[in-house]
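Tertiary structure, described
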Amino acid sequence: LLRSSQPLTGPNRRRCREDEKLLGTIVDEDERGFIIDTRSAQAAKQARMSGGGTEPKSSYPQWRRLHRALERGRLLQESFVKLVEACGDASLSMDRWLGRLESSRWLGHVKAALSTACLAAQCLDREGCSVLVHGAEGTDTTLLVTALAQLILDPSCRTLEGFQGLLEREWIEAGHPFQLRCARSASSHARGKQEAPLFLLFLDCVWQLSRQFPFSLQFGEQLLLTLFDNAYASAYGTFLCNSERERSLCKVKESTHSLWAWLNQPEERQKYLNPLYSHNPLVIWPSVEPQSIQLWQGLFLRWIRPSQHLDEAWVEIQRLVEGS
């Protein structure tokens, strides 16, 4: 499973012999690979017309390109804002609530992300093919798809330590611009041009996996909520800046504490473990049917519904499991 920061030919439609040679070494003569483009076919065409790159079939004869359009900018942020506004309006009737939930299109974005990740995972697991994922810049939807695909395929990524390593590798070191994307919350009246809740969308997809496979992830919802909170406002340096280069220039590691070090303290770690976890060596294939994708109430309704009874139930489950 590979990710690319940009299409494989350079500006003004120039061929990149190095990229062609690189992909040629990945697959043998009798093998094929898949290029999953997270842009729409129309967006890719417009990029070509403005001098952007692409992968002509003649230059990559063993690779098949598949377009799976995923929103990553203003439209995704607007969807997030609409959902938060709907969740915060306690005066809505049932019909109006369902209408506003549907019009936000948030669950549609969750479905699209999971569907694309499943496609990448199927190409790898069932077809035995190499997969290259790329988008417009390679720091948003590309990371979303590759990280989810690894969770689906690799049981080691579903452990607490493995999940932290996945986030470090696929989101932080790969250059997701947290400072730009998470500059403000959906409740802020100010709007940044580059804000977009890609990381939140990833966390929502992980929650969907944890709900559909309650025994297969070693961590629980509380970890996902903590990660969301720290992505938007944190006393730790883990999600600061927009790239490894910026973090190095700002000496983030030298001047701040790591979120992981705090989470992995024995007394803290216990809070984030799933007491129902049982190692599952198999691939987990989530359902992406509309009936299977649910609103993440623990996040989006956390401020308007009491969580006391849910927290008490979780503690009781932990007690029963430890006592058995």
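This text goes with the structure placed above it.
Attention here is on the structure that accompanies the text. Please read these numbers as outputs of a predicted model, since none were measured by experiment.

Here the focus is the packing of aromatic side chains. Within this structure, the stated rule accounts for 14 aromatic pairs. Consider the rings of Phe 163 and Phe 202, whose centres lie 6.1 Å apart with planes at 15°: the pair is stacked. Of the two residues, Phe 163 sits in helix H7 (residues 160–172) while Phe 202 sits in helix H9 (residues 198–212), which places them 39 residues apart along the sequence. Each member of the pair, Phe 163 as well as Phe 202, carries the same accessibility label: buried. On the basis of an interplanar angle of 50° and a centroid distance of 5.5 Å, the ring pair of Phe 199 and Phe 239 is categorised as tilted. Linking Phe 199 in helix H9 with Phe 239 in the loop between helix H10 (221–232) and helix H11 (244–249), this pair joins segments that are 40 residues apart in sequence. Taking relative accessible area as the criterion, Phe 199 reaches 2% and is therefore assigned buried. An aromatic cluster of three or more residues is present, and its members are Phe 163, Trp 171, Phe 178, Phe 199, Phe 202, Phe 219, Phe 239 and Trp 260.

Glancing now at the pairing of strand E2 (residues 33–37). Across the five residues of E2, five count as buried, placing the element largely inside the fold. On E2, burial covers both faces: Gly 33, Ile 35 and Asp 37 on one face and Phe 34 and Ile 36 on the other are all buried. As defined by bridge partners, E2 adjoins strand E4 (residues 130–134) across five bridges and the pair is classed as parallel. Bridged to Ile 35 within E4 is Leu 132.

Here we come to the pattern of salt bridges. Tallying each qualifying case throughout the model produces 13 salt bridges. The closest approach of N and O atoms between Arg 181 and Glu 137, which form a salt bridge, is 4.0 Å. One end of the pair, Arg 181, is in helix H8 (residues 178–181); the other, Glu 137, is in the loop between E4 and helix H6 (141–153), and 44 residues separate them in sequence. By relative accessible area, Glu 137 is classed as partly exposed at 42%. Taking the shortest distance from any N to any O, the salt bridge between Arg 247 and Glu 244 comes out at 2.8 Å. In this pair, Arg 247 and Glu 244 both sit in helix H11, three residues apart, roughly one turn of the helix. A single salt-bridge network, built from bridges that share partners, covers Arg 72, Glu 137, Asp 140 and Arg 181.

Glancing now at the sheet that holds strand E3 (residues 63–67). Taken in spatial order, the four strands line up as E1-E4-E2-E3 in an open sheet, and their pairing is parallel. Either end of the sheet is taken by a strand with one partner, and the two such strands are strand E1 (2–4) and E3. The sheet shows a mean angle of 25° between the axes of neighbouring strands, direction not considered.

Within the largest apolar cluster, 74 residues are counted, with the highest numbers of intra-cluster contacts made by Phe 163, Trp 171, Phe 199, Phe 202, Leu 227 and Phe 300. Apart from the residues lying within four places of it in its own chain, the contact partners of Phe 163 are Leu 151, Ser 156, Cys 157, Phe 202, Val 206, Phe 219, Leu 223, Leu 224 and Leu 227. Residues Val 27, Ile 35, Tyr 60 and Trp 63 belong to the second largest nonpolar core, which totals six residues.

Procedures and definitions
- Residues numbered from 1 in each chain as written.
- Predicted model: local features only at pLDDT ≥ 70, side-chain atom pairs only at ≥ 80, totals over all residues.
- Heavy atoms only, no water.
- Phe/Tyr/Trp six-rings, centres within 6.5 Å; stacked < 30°, edge-to-face > 60°.
- Helix = DSSP H or I, 4+ residues; strand = E, 2+ residues; numbered from the N terminus.
- Buried < 20%, exposed > 50% of the residue type's maximum accessible area, 1.4 Å probe, protein only.
- Pairing = 2+ DSSP bridges.
- Salt bridge = Lys/Arg side-chain N within 4 Å of Asp/Glu carboxyl O.
- Axes fitted to C-alpha atoms, helices over the stretch in contact; angles between N-to-C directions.
- Core = buried A, V, L, I, M, F, W, Y, C linked by side-chain atoms within 4.5 Å.
- Contact = heavy atoms within 4.5 Å.

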